[in-house]
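Summary of structural features
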Amino acid sequence: MRLKGYSLQASLIILFVFTSILNAKIQEFTGKKYTNSAGMVFHKLPEGSFMMGSENTNGHGSPIHKVSLSSFYIARTETTYAQWQKVYDWAMTNGYASFAQYAGYEDNFEFAYNQSKNCPVMVRSFYDIIQWCNAASEKDGKTPCYSLNGHVYRYRETNEENINCIWDANGYRLPSEAEWEYACRAGATNMYYWGNEMDESYTWWYGNSGDQAHPVASKKPNAWGLFDISGNASEWCWDWYKEYDKNPVTNPRGPKYGIYRVQRGSYFGNTEIHPTNCLRPDYRDPRSPNEPYYGVGFRPAFILTDNRQIEGDGQSNRNMKQSNKKYDNANHARIVGVHGFTNSIGGIFCRIPEGTVNMYEGLSDRKVKTVRVSNYYLADTELTYAHWKIVYNKALRMGYVFSSTGEETGARYRISDDSPVTDITWFDAVKWCNALSELEKKSPCYMNKGEIYKGNTQGIPTCRIELNGYRLPTEAEWEYASRAGSRTQYFWGKSMAGGDLYAWYEKNSDNKIHPVAQKLPNAWMIYDTVGNVMEWCNDWEYAEQFGVHYVISRGIFFCDQIQADGDYIHAMTPLGEATWFTGLRLAATVK
C-alpha cells in the first residue's frame, strides 16, 4: 500500500511538474506581445507540430495529417471596425485610392450586424482585406507581403488570382489555414479548444448571439490568449480550398490555384443542421474571394524575418527595426517611406536606405555603371507652387535674388497651386533650397566663394552635400529612389500596362500639370517621379564645344509619351534656362 501510495504521489508530482512546464511554455510565448499603430495586440505563438483536420466535421477536413509550423505572431482578436478604419483612413491618402471603390459595403450590411466599433469588421472581400494588410504594413514601416504583377498590391485589377504572398516578409498577412487551426487549438486535441462539450462562455454562436456580431474579447480566450477564434465572425485564411494531402508537411502555404479561398471559425449566425460542428478547430468553409460576406472578418498574422523578439505588451512597432533582407521588385522592395520627417512648410520627406543602382553613363553611349548611394532624405512629391511662394517671399526679404518667379509660361499649364512649380532656373532652385535651410536653422549646402549662395554672384556654386540643409538630389539618388528597388523597365512593371495609375503623361494629362500625389506612389511612397514635370538634379556638366554648362533633369514631363526606359530618362538643360516643364524635388543628407 505504501508503494502504491508512493507511486500515486510520485505520479501526481510528475503530473504537476509537467503541467507547470506546459503552463510556463504557454506563458513564455503568450507573454511576448506586440501592439501596432492601429492598437491591435499580437501574441507570439511557439513553433510546434499538431495533427490537422478531422474525419468528423463537414467532410472538408480530411485526411488527418501532421503539420509542423515555425513561430509566428497572430492578432489576439478579430480585426474590429475601429481598427480597420484607422488603417483605411491612412490608406486613402497613401496610394490606395481604388480601395474605396471596393470596401464600402457597410451601408448595406455593417450596422445590421455590428452594434459597436469594437465588433469584428465584416462585409469585406478577400481582396479588400489583403489590400488592407499591405496598407497596415506600409503604415507601420513593414514590408508588404502581397504583390501582383511585380508591384505592391494596392488596388483592384485583373488577374487577382495571381496575387503572390511573400512569406518571409515581415508585413501583416492572413494566416495560412494551418496557422489558423494551430492557433485555434492552442495545444488542445479535444472536439473544441475548450473541451469535448459545448460551452457558451467561450463563443458567440447561433444559440446565443441573437443573430448578430458582438464586441470582441467579451467571451473567454483559448489557452494562448486568443479571443473569438471560434464564433462571432468567421475568418478569412490565405489558402485556396482543396482536400488535404495525407503526408506530413512543414509550413504549408496551400494550393497554388483554386476557385475558393478558405474561411475558418464559423460565425454568429451559422444555421447548419449541426451548428456546433462549425465551432470545431478543424471546420472549413470554401468561399469566393470576390464576394463580401456579412458574417466574415479576419485576424492578421506576421513574422519577424530577422528572428529578433519583441518583449512586452504595448511596445510600438515604430521601434522595431526592419529586416536587413533586400527585395527586388518581384519580391518586394523594402518599404522605407515612413521613416522620414515633415518640414516647416508641410513637405514630407522619406528616408531612403543605402544601396546600389545601375544607371546609364550618358545620353549617347548607353553604358551601364553601378553607383553606390548612401542614406538620404527625399521629398515624397515635387515641390508645389504653394510651397515655393511661401519661401520665395521670405527669401526676398533675406537678400536672395532670383531671376524667375515660377509664374511665367508654366502658369498656363498649372491646374492649382498644389501643382509642381516650374519656370525656375537651376540657379534659382538651389538658392531657394538655401533660403529654406536658413529659415529652418539648417546649414545651407550651396556656397560660392566661401559665402552662402543667394545673390547674383558670378560662377557656379558648389554643393557641400555633407551638410544638413536642403539640396537637389544627385542623379544617382534620383534614379535610385524612382526605381525603389525595381529591376524592371518601369518601376511598376515590365511595360506601360498600368502606367496610367502611376504617371501623368501625353495620353492622360490633357496637356496640363496636375496637383502632386494624385497618382499612385512607387514602392517607397515617392510620387510623380515619372510624368507631371521633369526635375532638376544636382549634377551638371560642361559642354566644351558649345561653351555652356548643362544640368541634368530627370523624369519625363506630362506632354511626352513615356517610351522605353522613359521613367529613367535624363535631359541636359542650360543652368540658367527656365522651362515650363521642369521643377524640382528636395533632398537632404541624413546626419
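Residues numbered from 1 in each chain as written. Predicted model: local features only at pLDDT ≥ 70, side-chain atom pairs only at ≥ 80, totals over all residues. Heavy atoms only, no water.

Structural notes on the overall build of the protein
When helices and strands are tallied, the protein shows nine helices and 28 strands. Across the 591 residues that make up the protein, the buried fraction comes to 57%. At a minimum sequence separation of 6, the contacts of the protein that also span at least 24 residues come to 71%. A total accessible area of about 24900 Å² is found for the protein, and carbon and sulfur atoms account for 50% of it. (Helix = DSSP H or I, 4+ residues; strand = E, 2+ residues; numbered from the N terminus. Buried < 20%, exposed > 50% of the residue type's maximum accessible area, 1.4 Å probe, protein only. Contact = heavy atoms within 4.5 Å. Areas by Shrake-Rupley, 256 points an atom, 1.4 Å probe, with all protein chains shown as cover.)

Thoughts on the packing of aromatic side chains
Think of a pair of aromatic rings as described by two things: how far the centres are apart, and how the planes are tilted against each other in angle. For the structure on display, the rule yields 39 aromatic pairs. On the numbers, 6.0 Å between centres and 10° between planes, the contact of Trp 388 with Trp 432 is stacked. With a gap of 44 residues between them, Trp 388 in helix H7 (residues 385–397) and Trp 432 in helix H8 (residues 426–439) connect regions that are remote in the sequence. Look at Trp 388 and you get buried, because its relative accessible area is 0%. Here the aromatic cluster, defined as three or more aromatic residues joined through ring pairs, consists of Phe 126, Tyr 127, Tyr 146, Trp 167, Trp 236, Trp 238 and Tyr 293. (Phe/Tyr/Trp six-rings, centres within 6.5 Å; stacked < 30°, edge-to-face > 60°.)

Regarding the packing of helix H2 (residues 81–92) against helix H5 (residues 126–139)
One way to put it is that H2 packs onto H5 with a least axis distance of 9 Å and a crossing angle of 75°. In terms of orientation, H2 and H5 fall into the roughly perpendicular class. Taken together, the residues of H5 that come into contact with H2 (itself represented by Gln 83, Trp 84, Lys 86, Val 87, Tyr 88, Trp 90 and Ala 91) are Asp 128, Ile 129, Trp 132, Ala 135, Ala 136, Glu 138 and Lys 139. Looking at the contact of H2 with H5 residue by residue, the classes come out as nine nonpolar, one polar and four charged. (Axes fitted to C-alpha atoms, helices over the stretch in contact; angles between N-to-C directions. Parallel < 35°, antiparallel > 145°, perpendicular 65-115°, else oblique. Nonpolar A, V, L, I, M, F, W, Y, C, P; charged D, E, K, R; others polar.)

Looking at the sheet that holds strand E22 (residues 462–463)
Spatial strand order, E21-E20-E22: three strands in an open sheet with antiparallel pairing. The two strands at the open ends of the sheet, each matched to only one other strand, are strand E21 (451–452) and E22. Examined bridge by bridge, strand E20 (residues 446–448) and E22 share two bridges and lie antiparallel to one another. In the strand pairing of E22, Met 447 is matched with Thr 462. (Pairing = 2+ DSSP bridges.)

Some points on the pattern of salt bridges
Applying the stated rule across the entire model yields 17 salt bridges. Of the charged contacts in the structure, one is a salt bridge between Arg 264 and Glu 177, with a shortest N-O distance of 3.1 Å. Of this pair, Arg 264 sits in strand E11 (residues 261–264) while Glu 177 is found in helix H6 (residues 177–185), placing the two residues 87 residues apart along the sequence. For Arg 264, a relative accessible area of 0% translates into the label buried. Its salt-bridge partner being Arg 585, residue Glu 535 comes within 2.8 Å of it at the nearest N-O pair. Here Glu 535 is found in strand E24 (residues 534–543), whereas its partner Arg 585 is found in the loop between strand E27 (582–583) and strand E28 (587–589), with 50 residues between them in sequence. Residue Arg 585 is classed as buried on the basis of its relative accessible area of 0%. Among the charged side chains, a network of salt bridges with common partners joins Glu 177, Glu 181, Arg 185, Arg 264, Arg 280, Asp 282 and Arg 284. (Salt bridge = Lys/Arg side-chain N within 4 Å of Asp/Glu carboxyl O.)

Description of the packing of H7 against H8
One can describe the packing of H7 onto H8 by two numbers: an axis separation of 9 Å at closest approach and a directional angle of 75°. On the basis of their axis angle, the class for H7 and H8 is roughly perpendicular. The segment H7 lies against H8, with His 387, Trp 388, Val 391, Tyr 392, Lys 394 and Ala 395 engaging Asp 428, Trp 432, Ala 435, Leu 436 and Leu 439. Looking at side-chain class alone, the contact of H7 with H8 contains eight nonpolar, one polar and two charged residues.

Remarks on the nonpolar core
Counting residues in each nonpolar core, the largest one holds 60 residues, and the members touching the most others are Tyr 146 and Leu 174. Looking at this core, the element that brings in the most residues is H5, giving eight residues. Counting residues in hydrophobic clusters, the runner-up holds 32 residues, among them Trp 388, Ile 424, Ala 429 and Tyr 446. (Core = buried A, V, L, I, M, F, W, Y, C linked by side-chain atoms within 4.5 Å.)

A short note on the sheet that holds strand E16 (residues 348–352)
Strand order in this open sheet of five strands is E15-E16-E19-E28-E23, and the pairing throughout is antiparallel. The open sheet has two edge strands with one neighbour each: strand E15 (341–342) and strand E23 (470–471). The pairing of E15 with E16 spans two bridges and is antiparallel. Bridge assignment links Phe 341 to a residue of E16, and that residue is Phe 349.

Brief notes about the environment of Val 371
One can find Val 371 in strand E18 (residues 368–373). C-alpha of Val 371 to C-alpha of Asn 358: the two residues are 13 residues apart in sequence and 6.3 Å apart in space. Not counting residues within four places of it along the chain, the set of residues in contact with Val 371 comprises Gly 355, Thr 356, Val 357, Met 359 and Ala 476.

Quick notes on H6
Counting buried residues in H6 gives nine out of nine residues, a clear majority hidden from the surface. Within the span of H6, buried status applies to Glu 177, Ala 178, Glu 179, Trp 180, Glu 181, Tyr 182, Ala 183, Cys 184 and Arg 185. Two residues or fewer after H6 comes Ala 186, characterised by a positive phi angle close to 50°.

Topic: the environment of Asn 247
Its location among the elements puts Asn 247 in the loop between strand E9 (234–240) and strand E10 (249–250). C-alpha of Asn 247 to C-alpha of Pro 63: the two residues are 184 residues apart in sequence and 9.3 Å apart in space. Once residues lying within four places of it in the same chain are set aside, the contact partners of Asn 247 are His 65 and Lys 66.

Quick word on unusual backbone geometry
We note that Asp 510 has phi near 55°; this positive angle belongs to a residue other than glycine. Secondary-structure assignment places Asp 510 in the loop between helix H9 (475–483) and E24. A residue is classified by how much of its surface remains accessible, and Asp 510, at 59% relative accessible area, is exposed. Within the chain, Met 525 stands out as a residue other than glycine whose phi angle is a positive 65°. Tracing the backbone shows Met 525 in the loop between H9 and E24. Owing to a relative accessible area of 6%, Met 525 belongs among the buried residues under this scheme.

Structural notes on the pairing of E9
On any regular strand, side chains alternate: one points to one face of the sheet, the next to the other face. The element E9 is extensively covered by neighbouring structure, given that seven of its seven residues are classed as buried. Of the strand pairs in this sheet, E9 and E11 are connected by three bridges, and their pairing is antiparallel. Its bridge partner being in E11, Trp 240 is matched across the sheet by Arg 261.

Describing the state of the cysteines
Tallied over the full model, the rule gives zero disulfides. Summary of cysteine pairing: Cys 145 is not part of a disulfide, and the nearest cysteine sulfur, belonging to Cys 165, is at 5.1 Å. Residue class for Cys 145 comes out buried when judged on its relative accessible area of 0%. (Disulfide = S-S within 2.5 Å.)

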